[in-house]
Amino acid sequence: MAANGNGVSTTPKSPLARIQTQKNGGICHDDSGKPVKAQTIDELHSLQKKRSAPTTPLDGVQGTFATISEDERQRQQLQSISASLASLTRGTGPKVVRGDPAGKVQSVSHVAHHHHIEAPTISVSDSSLKFTHVLYNLSPAELYEQAIKYEKGSFITSTGALATLSGAKTGRSPRDKRVVIDDTTQDELWWGKGSPNIEMDEHTFMVNRERAVDYLNSLDKVFVNDQFLNWDPQNRIKVRIVSARAYHSLFMHNMCIRPTPEELENFGTPDFTIYNAGQFPCNRYTHYMTSSTSIDLNLARREMVILGTQYAGEMKKGLFSVMHYLMPMRQILSLHSGCNMGKDGDVALFFGLSGTGKTTLSTDHNRYLIGDDEHCWSDNGVSNIEGGCYAKCIDLSREKEPDIWNAIKFGTVLENVVFDEHTREVDYGDKSVTENTRAAYPIEYIPNAKIPCVGPHPKNVILLACDAFGVLPPVSKLSLAQTMYHFISGYTALVAGTEDGIKEPTATFSACFGAAFIMLHPTKYAAMLAEKMLKHGATGWLVNTGWSGGSYGSGNRIKLPYTRKILDAIHSGSLLNATYHKTEVFGLDIPTEIEGVPSEILHPENTWADKKAYKETLLKLAGLFKKNFETFTNYKIGKDNKLTEEILAAGPNF
Ligand SMILES: Nc1ncnc2c1ncn2[C@@H]1O[C@H](COP(=O)(O)OP(=O)(O)OP(=O)(O)O)[C@@H](O)[C@H]1O
Ligand SMILES: O=C([O-])CC(=O)C(=O)O
Ligand SMILES: [Ca+2]
Ligand SMILES: [Mn+2]
């Protein structure tokens, strides 16, 4: 036995004994803790990541899933994903494995289709020999790592958001949208002049679907999101999004409703599936293709295929189109609107085209946010379709929009913004990539979000128009017929390039404030809106969030604080009882005063130095309204001709 310099004896057979100082009655307590249970550095590092909490124990009351083992459940889930990704020409789904190709393989599944039972002569191809790794419903942290490791242009900003680039497309491509025409959709959907639905046949859809599926299966890994749409539990839709980028997966994680672990366990088969192969172009030799981009919707198959654009808004708005079909079938009105609720439960809807203020104005510190962009109005009241918000970021400031500013943190996707290469501070004024910079964040990032995102029947229906002509009043109270007239007209002046290609402000009419997304004829939605407003006694308002004191170029955009004051007066009910007078030409009722807003701006004529120019511009815009409405004069709206006639009379008179 030997003694070392510290006086601690050791034996050759046992490891070195712990050095113990001041064993008894010492002043220091022993805070060294237990030694780590690792034999190697790798093992030590493996301790850093805790296995996810085991899924909630099933207690036997949850239906068929309750009786299956965890292994069996995972096998079924992989089989469902393999079936989603199946090549329909080879008759098989890919071999799918769960997990990152860079990590450990967890479990494997392969689907053979029932209709393909003959000897697999052509089915053996190299692609059916390889594995497709599935990154299933990853968390934001995992998606950050995937994006930063593998996707060029992904960075963490100084506030923790994930900055990404959407590629060559920084806005939607409405001209590249196609909808499958078949015996059913031919009669049901809105086709032809003014309609957003450009036809394609079933076969061409399958050609593009195969192209997307083959592309996705050729990759080492794909992302799969299983999520929900619509906070109304009775009308919830299950959606699956298969994509190739962590950016897309995180975007949809934020924008759709996130399932709880229990809900995910019982997810089963999706009601609708998106194949996003946006990095890969469509083949321009394919029938109906007019560019390398194609966004294809097949309602019968309940599938959407995206080729040739990585702009994530296509997924969001593609699903919105689907809801514009599915919901009216159930007598539920789908709306391109924001929605919030006061402390006393008064709900307001904010309609408006892109950039008119739905997100900005529904995000109101003094009210509960139900949603910023897509809603349903059913017999139960309103419900948000989404689980997140998609805010424009151009010129964003902490002072003017503090809630949106603060929502740009860890988990938020920041598209196409420019930042300092060292500090990673975002310059929201920089339009170098695009004017349509965006932040996608979960709705609970807004402190006063109303979760679940549902509310009672709306009291106020606010139509937002960003009038670049500067002749519409900052606010007018509308009759029901006027509300319908302006709802069907859907006027604004597009300012930024949300729709690919549009850069300069121009007057736009888009039926139901969202013609790009509706599937049925606009009068169907209009009739439903009129019926609901009448039944629930909602008041319509037209709010101009655009120019005052002259057209774009000479006047200025109405100050956001004024617009907020106008909305306060609408919400509180005080504006309902104000004194009104009628404008000429448009016949709008405008209030004489509103608290916190200079009275002289309430009538646009007052703000124009050149009264003649004002009158000319007013008549010019009225003419555009009239011309646009011509297409609708032959349609009946609602049950009787009375409303139709009133609506036709509710437009400008000159
Ligand atoms: N008076 C105003 N009222 C509302 N928004 C204003 C006003 N003045 C300037 N803005 C700016 O206009 C933009 C409105 O965009 P917002 O994101 O709210 O549009 P949106 O209607 O939600 O569009 P989308 O459907 O494309 O999401 C914001 O950038 C906001 O800061
Ligand atoms: O779809 C988009 O890209 C953004 C949006 O909300 C709209 O345009 O209405
Ligand atoms: Ca918005
Ligand atoms: Mn929108």
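All of these numbers come straight from a predicted model, not from anything done at the bench.

The rules we used
Residues numbered from 1 in each chain as written. Chains lettered and ligands numbered in written order. Predicted model: local features only at pLDDT ≥ 70, side-chain atom pairs only at ≥ 80, totals over all residues. Heavy atoms only, no water. Helix = DSSP H or I, 4+ residues; strand = E, 2+ residues; numbered from the N terminus. Buried < 20%, exposed > 50% of the residue type's maximum accessible area, 1.4 Å probe, protein only. Contact = heavy atoms within 4.5 Å. Areas by Shrake-Rupley, 256 points an atom, 1.4 Å probe, with all protein chains shown as cover. Donors = N, O, S within 2.8 Å, 3.2 Å for Na, K, Ca; no water. Pairing = 2+ DSSP bridges. Axes fitted to C-alpha atoms, helices over the stretch in contact; angles between N-to-C directions. Domains from an automatic or database assignment. Expected span 1.5 Å × (residues − 1). Near = heavy atom within 4 Å. Polar contact = N/O pair within 3.5 Å; in protein donor to acceptor, adjacent residues only side chain to side chain. Nonpolar A, V, L, I, M, F, W, Y, C, P; charged D, E, K, R; others polar. Salt bridge = Lys/Arg side-chain N within 4 Å of Asp/Glu carboxyl O.

Here's the deal with the overall build of the protein
In terms of regular secondary structure, the protein is built from 17 helices and 35 strands. Here the protein holds 654 residues, and the buried ones make up 55% of them. Look at the contacts in the protein between residues 6 or more apart in sequence, and 71% of them connect residues 24 or more apart. When the accessible surface of the protein is totalled, it reaches about 29800 Å², and 53% of it is carbon and sulfur.

Description of the coordination of the manganese ion (ligand 4)
Distances from the manganese ion (ligand 4) to its protein donors, Lys317 (NZ), His336 (NE2), Asp373 (OD) and Asp373 (OD), fall at 2.2 to 2.8 Å. Considered as a linear motif, the donors of the manganese ion (ligand 4) on their single chain read K-x18-H-x36-D. Metal-to-metal, the separation of the manganese ion (ligand 4) and the calcium ion (ligand 3) is 4.7 Å. On the criterion of sequence distance, the pair formed by Lys317 in helix α9 (residues 313-329) and His336 in the loop between β15 (333-335) and β16 (337-341) is long-range, its members being 19 residues apart. Taking the relative accessible area as the measure of exposure, Lys317 reaches 10% and is therefore buried. Residue His336 is classed as buried on the basis of its relative accessible area of 5%.

Examining the sheet that holds strand β6 (residues 155-156)
Strand order in this open sheet of five strands is β6-β7-β22-β25-β21, and the pairing throughout is mixed. Both outer strands of the open sheet, β6 and β21 (388-392), are each paired with one neighbouring strand and no more. Summarising the sheet, β21 and strand β25 (residues 438-442) pair through five bridges and their orientation is antiparallel. By the bridge assignment for β25, Ala391 is matched with Ala439. Contacts from helix α7 (residues 246-255) reach β7 (162-164), β21, β22 (413-415) and β25, with the element oriented near 115° to β22.

Some points on the domain arrangement of the protein
Reports often express the size of an interface as the amount of accessible area lost when the parts come together. We note that the domain assignment places domain 1 (65-138), domain 2 (139-166 + 395-434) and domain 3 (458-649) within the protein. Using C-alpha coordinates to define each centre, domain 2 is positioned 34 Å away from domain 3.

Comments concerning the sheet that holds strand β26 (residues 454-455)
Taken together, four strands build an open sheet; the order of strands is β15-β19-β20-β26 and the sheet is antiparallel. Looking at which strands have only one partner, the edges of the open sheet turn out to be β15 and β26.

Topic: the pairing of strand β5 (residues 131-136)
Along β5, five of the six residues are buried, which leaves the element largely enclosed by surrounding structure. Examined bridge by bridge, strand β3 (residues 95-98) and β5 share four bridges and lie parallel to one another. From the neighbouring strand, Lys95 faces β5, where its bridge partner is Phe131. As paired elements, β5 and strand β10 (residues 221-229) share four bridges and run parallel to each other. Across the sheet, the residue bridging to Tyr136 is Val224, located in β10.

Quick look at helix α6 (residues 202-218)
With 17 residues, α6 extends 24 Å from end C-alpha to end C-alpha; this agrees with the ideal 24 Å at 1.5 Å per step. Listed as buried for α6 are Thr204, Phe205, Asn208, Arg209, Glu210, Ala212, Val213, Tyr215, Leu216 and Asn217.

Things to note about helix α14 (residues 560-572)
End to end, α14 covers 18 Å across 13 residues, agreeing with the expected 18 Å (1.5 Å per residue, within 8%). The elements touched by buried residues of α14 are β16, β17 (347-351), α10 (358-362), β27 (458-465), β28 (475-478) and β31 (539-544). Just beyond α14, the residue with positive phi is Gly573, at close to 95°.

Focus: the site of ligand 1
Not every one of the 20 residues close to ligand 1 is listed here, only the nearest: Ser354, Gly355, Lys358, Glu401 and Arg438. The contact in question runs from an oxygen atom of ligand 1 to an N or O atom on the backbone of Gly355, over 2.8 Å. One nitrogen or oxygen atom from the main chain of Gly357 is found 3.1 Å from an oxygen atom belonging to ligand 1. Protein burial of ligand 1: of its 650 Å² of free accessible surface, 91% is covered by the chains. Listed by contribution, the elements that provide at least two residues to the shell around ligand 1 are α10, β21 and α14. Examining the composition of the shell around ligand 1, we find that three residues originate from one element, α10, more than from any other. Classifying every residue of the shell around ligand 1 by side-chain character gives four nonpolar, nine polar and seven charged.

Thoughts on the pattern of salt bridges
Counted by the stated rule, this structure contains 19 salt bridges. Here Arg245 makes a salt bridge to Glu151, at a shortest N to O gap of 3.3 Å. Here Arg245, found in the loop between β11 (237-243) and α7, pairs with Glu151, found in the loop between α4 (140-150) and β6; they are 94 residues apart in sequence, far enough to count as distant. Between Asp226 and Arg240 there is a salt bridge, and its shortest N-O distance comes to 2.8 Å. Taken as a pair, Asp226 in strand β10 and Arg240 in strand β11 lie far apart in primary sequence, 14 residues in all.

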